[in-house]
Amino acid sequence: MMSSAADMRLDLPKQGRDHQQTEPLRTGTSMTLRRNSLARRRAAMGYTQETFATRLKLDRSTVARWERGVQSPQPWNQADVAEALGITPEVLDQYLTETAASAAPGQDHVSLAPRRSSGVDLVAVAHLRQEVQALGARYDRTPSIPLLADAGPTFGQIALLAREAPYGRVRRELKAVESEAATLMGQLVWDASQRRDQDSARTYFDQAASAAREVGDIIAEGQAILRASYLALYGDRDPRAGLALTRHVAEMTSASSSALTGLALLHNAEAHAMLGDVRGCEIALADAEVHFDKITENDPAYHLFSDSQFARLAGSCYLFLGHHRRAQNILEKAARATGRLSKSRAIILGNLSLAQARQGEPNAAAAVLHEAIDIIEATRGGGGMNIAFDAARELRRWRAESFVQDLHDRLLALMTAA
């Protein structure tokens, strides 16, 4: 199992690292372009930082961090940001995905780090963490295969430094970043394989949990184990294993993060639903809602939370339980709260199509499924693709209808492209 993940890391394209080593440093250029693009557009729309933050229901300091290039809007906020700026999500994505690392102060620390593992400092670690977080922010709207090409060299660099760094604060920080990077790698590998390569993904999640455990980072460890529970639930189709893992995460993080505990309980509810346990499912949903109500911006896993998550998972739960009308109503609410071009939205729409088809509404189901396929064509999300095929199978009862045949043609094209 370990050799599978290691082989995958060795086979990843090296163009990201090669580019970093051969491209001359352009002090301030990319970072300034990103900062000025956002700031100029915000000013052109008549906003100050204060009024723009008020429009988005955020602190002014958050907008300031975006414009300094030290933080990006969270994926679930990006549709609202684009709308407020009067631009498309694609244009906003161009601003946010520009590579600023080579222009950031202290970049020389990072580029020299592999040759100076014993001398790497906290500045270099901070830039590595920022690079991992920037890659993670792109996940929901970007195909995972090209992201792997960027993430692979970064992960390899972090793992090498963490392994060789002497004990002390720098090593602790490196292990924390290694956990975050390994979790992202597992997520990307699984998604890029259309949720078929459980073994490699599980190896990364195990590495992430181990690195976090070494430095006592309960949040990072819990996130890695929660990701491993997805492999059990949606890959292995083993709800009992998923039930145990999600319960473990909820228990271990209950005193540290309402956001992560709530997410674990949501997936615990889904495991109960897969087993047909209505009462267990609804108790877990109610407990998740209680924890979500306690979330503040100071929660260490705040970045994992989005407003649409509860409805997305609750809708999936009721779909598993056979309560199709209730699932449809909840999933429609989730779709309204989700960004227009995101892997999570494709999953929501796929489940919504399933709910409609199971109620004998093929035209509505087909229309929604077409929208899901539009997103899948752009993002190549493995979860959305699998559910889209499930929905298409549900529509076979109406295969003589031309609108169903059109769907099958599009799905065949998706398979060919994959």
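About the criteria used
- Residues numbered from 1 in each chain as written.
- Predicted model: local features only at pLDDT ≥ 70, side-chain atom pairs only at ≥ 80, totals over all residues.
- Heavy atoms only, no water.
- Axes fitted to C-alpha atoms, helices over the stretch in contact; angles between N-to-C directions.
- Helix = DSSP H or I, 4+ residues; strand = E, 2+ residues; numbered from the N terminus.
- Parallel < 35°, antiparallel > 145°, perpendicular 65-115°, else oblique.
- Left-handed = near helix turned anticlockwise from the far one by under 90°.
- Contact = heavy atoms within 4.5 Å.
- Nonpolar A, V, L, I, M, F, W, Y, C, P; charged D, E, K, R; others polar.
- Core = buried A, V, L, I, M, F, W, Y, C linked by side-chain atoms within 4.5 Å.
- Buried < 20%, exposed > 50% of the residue type's maximum accessible area, 1.4 Å probe, protein only.
- Lys, Arg positive; Asp, Glu negative; His and termini not counted.
- Salt bridge = Lys/Arg side-chain N within 4 Å of Asp/Glu carboxyl O.
- pLDDT = per-residue confidence, 0-100.
- Phe/Tyr/Trp six-rings, centres within 6.5 Å; stacked < 30°, edge-to-face > 60°.
- Lys NZ or Arg CZ within 6 Å of the ring centre and 35° of its normal.

A. Focus on the packing of helix H17 (residues 309-320) against helix H18 (residues 324-336). Following both chains from N to C, one finds H17 and H18 inclined at 165°, their axes separated by 8 Å at the closest point. Here H18 runs roughly antiparallel to H17, going by the angle between their axes. As for how H17 packs across H18, the hand of that crossing is left-handed. Of the residues in H18, those touching H17 at Ala311, Arg312, Ala314, Gly315, Ser316, Tyr318 and Leu319 are His324, Arg326, Ala327, Ile330, Leu331 and Ala334. Considered class by class, the residues forming the contact of H17 with H18 number 8 nonpolar, 3 polar and 2 charged.

B. Spotlight on the nonpolar core. Counting 102 residues, the largest nonpolar core has Leu174, Leu285, Leu369 and Leu395 as the members making the most contacts within it. Beyond its immediate chain neighbours, meaning those up to four positions away, leucine 395 contacts Ala357, Pro362, Ala365, Ala366, Leu369, Val404 and Leu407. Judged by nonpolar contacts, the second largest core, of 14 residues, contains Leu38, Val63, Trp66 and Leu92.

C. Here's a closer look at the side chain of glutamate 270. Tracing the backbone shows glutamate 270 in helix H15 (residues 258-274). Despite its burial, glutamate 270 pairs with no opposite charge; the closest candidate is arginine 312, at 6.9 Å N-O. Apart from residues no more than four positions distant in its own chain, glutamate 270 is found in contact with Tyr234, Leu313, Ser316, Cys317 and Phe320.

D. Layout of the confidence of the model for the chain. When pLDDT is averaged across the chain, the result is 83; 83% of the residues are at 70 or more. Scored below 50 in pLDDT, residues 99-116 makes 33 contacts in the model with residues more than four places away or belonging to other chains.

E. Just the packing of aromatic side chains, in detail. Taken as a whole and judged by the stated rule, the model has 4 aromatic pairs. On the basis of an interplanar angle of 80° and a centroid distance of 5.5 Å, the ring pair of phenylalanine 155 and tyrosine 204 is categorised as edge-to-face. Of the two residues, phenylalanine 155 sits in helix H10 (residues 144-164) while tyrosine 204 sits in helix H12 (residues 198-214), which places them 49 residues apart along the sequence. You'll find phenylalanine 155 and tyrosine 204 in the same group, each marked buried. A centroid spacing of 6.0 Å and a plane angle of 45° characterise the contact between tyrosine 230 and tyrosine 234, whose relative ring orientation is tilted. You can see tyrosine 230 and its partner tyrosine 234 sitting in helix H13 (residues 218-235), 4 residues apart, about one turn around the helix. Side by side, tyrosine 230 and tyrosine 234 carry an identical accessibility label, which is buried. Here the basic side chain of arginine 171 rests over the ring of tyrosine 167, its NZ or CZ set 4.3 Å away from the ring centre. In this structure, lysine 343 packs its charged tip against the face of tyrosine 139, placed 3.9 Å from the ring centre.

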